[in-house]
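Next come the chains, spelled out residue by residue.
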Amino acid sequence: MSPLPAPGAPLPHYVSTAPFDPHATETMTAARSRIHLASQKQLMWWKFKQHRLALISGIFLAAIYLMIMIVEFLAPYGLHTRNVDFIHAPPQRVHFFDKGEFVGPFVYGRSMTLDLDTLHRVYTDRPNDVQPIRFFCRGDSYNFWGLVASNYHLVCPAIGGQMFLLGTDRLGRDVLSRILYGARISLTIGLIGIAISFVLGVVIGGLAGYWGGIFDLIVQRLIEVLQSLPSLPLWMALAAIMPVTWSPIVIYFGITVILGIIDWTGLARAVRSKLLALREEDYVQAAQLMGASTPRIIGRHLVPGFMSHLIASATISIPGMILGETALSFLGLGLRPPITSWGILLTEAKSVSVIAFYPWLLFPIIPVVLVILAFNFLGDGLRDAADPYK
């Protein structure tokens, strides 16, 4: 340790006399330079990839929505195909080995007997009846999206055989095929409903936050009234208004509009709070002085500033739409046959006796739970990625 200088003595000079190199103080590693020069979209994507559950959920949902585009090809049976000899048949197991030899994916044929004590059908496998599962095969006829007639399937039962991987219902219809067909309705109703609520929330909330005053007061009171009403009774009341004479397609769009109209309140409040903070910014006042109209200022200057937050909010709201349709259809107030959704499939398992004897009729609840969890995880990841600088 060097001794302290004497009082009054000049302090040691530690400044380097070497020529100043401005680049030496600004040197960055390749990784830091990559982050420093990245755009906001790149930063959001990198932040989103760090959320593993959100990334997996996004891939899962993308696969599900791509699946509903070709559901006729994926389903082993037609939507309304009945197998009257296999009513309430339990799920069949897929085997690969028969008597120690590799055969490939197959199921055993079944025989049915009637239990005279309980009057229930009892199905037993026939070990000598090996029925190989066929792939890229000809099966039940269908109209692809109601336009192109075809009978080509990804997977089919053996010729003259059966393949009920998730069992059958009270009419002998394959539960797996009906779940796949039901996904098209249950998943699209959430997207259409959130599109309606997104437009209403952005427009009404944006005008309330930008204009303020009496319009904002009226909108806030309306939102408070709607949010104070119980959701399920309100859905039931609005669904009961639709005449029973309407066609299933009209009822489908009616339920979608109902779900969208009810769900806009939360998004409108979020938009209002954001616009209240942003409307005083200098660039907004500059746009006003240049004569920009209110829709242009809101749509071109204010909304893009928090679009990532809106996307995250919309993603989290979609599960509520799906659950709303499922609940209404389960109660018999939503969609009606011949339209098939996950909620309609669950109406088969209303009674305790049915669940006790035929528990496979509850299988439609599994995709509902998986999709709801996936949307929630995806929403969490998008919400974190919306602010990549945290």
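Residue indices begin from 1 for each chain and proceed along its sequence in written order. Local features in this predicted model are restricted to residues of pLDDT 70 or higher, and side-chain atom pairs are both shown and tallied only at a pLDDT of 80 or more, whereas totals for entire chains, interfaces and linings draw on every residue. The basis for every side-chain value is the complete set of non-hydrogen atoms in the structure, without hydrogens or water.

Enquirer: Summarise unusual backbone geometry; cite the residues concerned and give the values.
Expert: Of note in this structure, K99 is not a glycine but carries a positive phi near 55 degrees. Helix and strand assignments come from DSSP, with helices taken as H or I runs of at least 4 residues and strands as E runs of at least 2, each series counted from the N terminus. Along the chain, K99 falls in the loop between β1 (95-98) and β2 (101-115). Not every positive phi belongs to a glycine, and F136 is a case in point at roughly 50 degrees. Within the fold, F136 resides in strand β4 (residues 134-144).

Enquirer: So, the UniProt feature "transmembrane region" (unreviewed entry) in the protein: which residues are in play, and what are the values?
Expert: UniProt positions are given in the numbering used here, feature names are shortened, and annotations may be inferred rather than shown by experiment. Mapped onto the present numbering, the UniProt feature "transmembrane region" (unreviewed entry) falls on residues 53-75, 144-166, 187-212, 232-262, 310-335 and 355-378. Segment residues 53-75 splits into 83% helix and 0% strand. End C-alpha atoms: 28 Å apart. Segment residues 187-212 splits into 96% helix and 0% strand. End C-alpha atoms: 36 Å apart.

Enquirer: Before we move on, can you summarise the packing of aromatic side chains with the specific residues and values?
Expert: Ring pairs (aromatic) are described by centroid distance and by the angle formed between their planes. Any pair of Phe, Tyr and Trp rings, taking the six-membered ring for Trp, is counted once the centres come within 6.5 Å. Such a pair is stacked with planes under 30 degrees apart, edge-to-face with planes over 60 apart, and tilted for the rest. Scanning the entire structure with this criterion turns up 12 aromatic pairs. Measuring from centroid to centroid gives 6.4 Å for Y65 and F375, while their planes differ by 75 degrees, and the two rings are edge-to-face. With Y65 in helix α4 (residues 52-67) and F375 in helix α16 (residues 365-385), this residue pair connects regions lying 310 residues apart in the sequence. Comparing Y65 with F375 shows no difference in burial state: the two are buried. Ring geometry for Y77 against F164: centres 5.5 Å apart, planes inclined by 25 degrees, an arrangement best described as stacked. Pair noted here: Y77 is in the loop between α5 (71-74) and β1 and F164 is in the loop between β5 (148-156) and α6 (175-211), with a separation of 87 residues, a long-range link. In this analysis the charged atom, NZ for Lys or CZ for Arg, is taken to sit over a ring once it is within 6 Å of the ring centre and within 35 degrees of the ring normal. One residue, R184, lies across the ring of W145, its end atom 4.1 Å from the ring centre. Only protein chains enter the calculation, and the probe is 1.4 Å; a residue is then buried if its accessible area is under 20% of its type maximum, exposed if over 50%, and partly exposed in between.

Enquirer: Residues and numbers for the sheet that holds β1, please.
Expert: Strand pairing is assigned whenever DSSP identifies at least 2 bridges connecting the two strands. Spatially, the three strands line up as an open sheet ordered β1-β2-β3, and their pairing is antiparallel. Each edge of the open sheet is held by one strand with a lone partner, namely β1 and β3 (120-132). Between one strand axis and the next, the sheet turns by 55 degrees as a mean value, whatever way the strands run. Every angle, taken between N-to-C directions, lies between 0 and 180 degrees, and every axis is a line fitted to C-alpha atoms, over only the stretch in contact when it is a helix.

Enquirer: Which residues make up α4, and what values go with them?
Expert: One less than the number of residues in a helix, times 1.5 Å, gives the span that helix is expected to have. Taking 1.5 Å as the rise per residue, α4 with 16 residues should run 22 Å; its terminal C-alpha atoms sit 22 Å apart, in good agreement. Those residues of α4 not exposed but buried are A54, S57, L61, I64, Y65 and M67. In an axial view of α4, the angular spread of the buried residues amounts to 150 degrees, which keeps them on one side of the axis. When the buried face of α4 is taken as reference, the exposed residues oriented beyond 90 degrees from it are R52, I56, I59 and L66. In the core, the buried residues of α4 are packed alongside α3 (40-50), α5, α6 and α16. Arc, as used here, means the arc of the directions from the helix axis to the C-beta atoms. Should any heavy atoms of two residues lie within 4.5 Å, those residues are considered in contact.

Enquirer: Tell me about the side chain of D98, and please be specific about residues and values.
Expert: Looking at the secondary structure, you find D98 in strand β1. Within the buried core, D98 has no salt-bridge partner, and the shortest N-O distance to an opposite charge, that of K99, equals 5.1 Å. We score Asp and Glu as negative and Lys and Arg as positive, and we do not count His or the chain ends. Salt bridge criterion: a side-chain nitrogen from Lys or Arg within 4 Å of a carboxyl oxygen from Asp or Glu.

Enquirer: Describe the layout of surface pockets, naming the residues involved and giving the relevant values.
Expert: The definitions used throughout rest on a 1 Å grid laid over the protein atoms alone, on which a cavity is an enclosed set of points accommodating a 1.4 Å probe that cannot get out and a pocket is an open set flanked by protein within 12 Å on both sides along at least five of seven lines; lining residues are those having an atom within 4 Å of a point. Grid points are joined across faces, edges and corners, and a volume is the space filled by probe spheres set on the points. Roughly 470 Å³ of internal volume is contained in the largest pocket. L79, R184, I185, I249 and I339 are the residues nearest the centre of the largest pocket, which is lined by 18 residues in total. Residue assignment for the lining of the largest pocket shows that the elements contributing at least two residues are β4, α6 and α9 (248-262). No other element matches α6, which puts four residues into the lining of the largest pocket. Of the residues belonging to the lining of the largest pocket, the class tally is 10 nonpolar, six polar and two charged. We call Asp, Glu, Lys and Arg charged. Ala, Val, Leu, Ile, Met, Phe, Trp, Tyr, Cys and Pro are nonpolar, and the rest, Gly among them, are polar.

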